[in-house]
Amino acid sequence: QGQLVESGGGLVQAGGSLRLSCAASGRTFSTYAMGWFRQAPGEAREFVAAINWSGGNTEYADSVKGRFTISRDNAKNTVYLQMNSLKPEDTAVYYCAADRGAYQGQIRAPRRPVEYGTWGQGTQVTVSS
């Protein structure tokens, strides 16, 4: 089945930066698209960023475009989310997820949570004003 573990969350002041990591274990996800989502209290889980299997295609929510960067290192079975110019409205639990299927050779980088089959436990990001 495989497992995803996020790390790197914490408390940061507005304008600051954080780098989230998502380490996979138990299986390789090198041929899977990967995504980052977030959920604030009382809100639905929302798409943040996604990356295709090779890293050649990325997708971002409009709210984070230009501030966040998703990347991956398939040799380390790890996906990253570099978050710069953080705002209080970025406060949420951040989750990484792996696509339901392997799409090696494709640019697929889904935005919908239903497209993902494996989820991490989440890491809290809090941005103070």
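Reading the values: rules and limits
- Residues numbered from 1 in each chain as written.
- Predicted model: local features only at pLDDT ≥ 70, side-chain atom pairs only at ≥ 80, totals over all residues.
- Heavy atoms only, no water.
- Helix = DSSP H or I, 4+ residues; strand = E, 2+ residues; numbered from the N terminus.
- Rg over C-alpha atoms; globule rule 2.2 N^0.38 Å.
- Buried < 20%, exposed > 50% of the residue type's maximum accessible area, 1.4 Å probe, protein only.
- Contact = heavy atoms within 4.5 Å.
- Phe/Tyr/Trp six-rings, centres within 6.5 Å; stacked < 30°, edge-to-face > 60°.

1. Observations concerning the overall build of the protein
What the protein contains, in helices and strands, is zero helices and eleven strands. Along the protein, helices (α) and strands (β) appear in the sequence β-β-β-β-β-β-β-β-β-β-β when read from the amino end. Against the globule reference of 14 Å for 129 residues, the protein gives a C-alpha radius of gyration of 14 Å, in line with a compact fold. In terms of overall dimensions, the protein has a C-alpha envelope of 40 × 25 × 25 Å along the principal axes. For the protein, the proportion of its 129 residues judged to be buried stands at 46%. Within the protein, residue pairs in contact and separated by at least 24 positions form 62% of the contacts whose partners lie at least 6 positions apart.

2. Thoughts on the packing of aromatic side chains
The description of an aromatic ring pair uses the distance of the two centres, along with the angle that the planes make with each other. Summed over all chains, the structure comprises five aromatic pairs. A ring pair is formed by F37 and Y116, whose centres lie 5.2 Å apart and whose planes are at 75°; its orientation type is edge-to-face. Of this pair, F37 sits in strand β4 (residues 32-39) while Y116 is found in strand β10 (residues 116-119), placing the two residues 79 residues apart along the sequence. Note on Y116 and W119: the rings are 6.2 Å apart at their centroids and 65° apart in plane angle, and the pair reads as edge-to-face. For Y116, a relative accessible area of 2% corresponds to the buried category. Site record: aromatic cluster; members linked through ring pairs are F37, F47, Y116 and W119.

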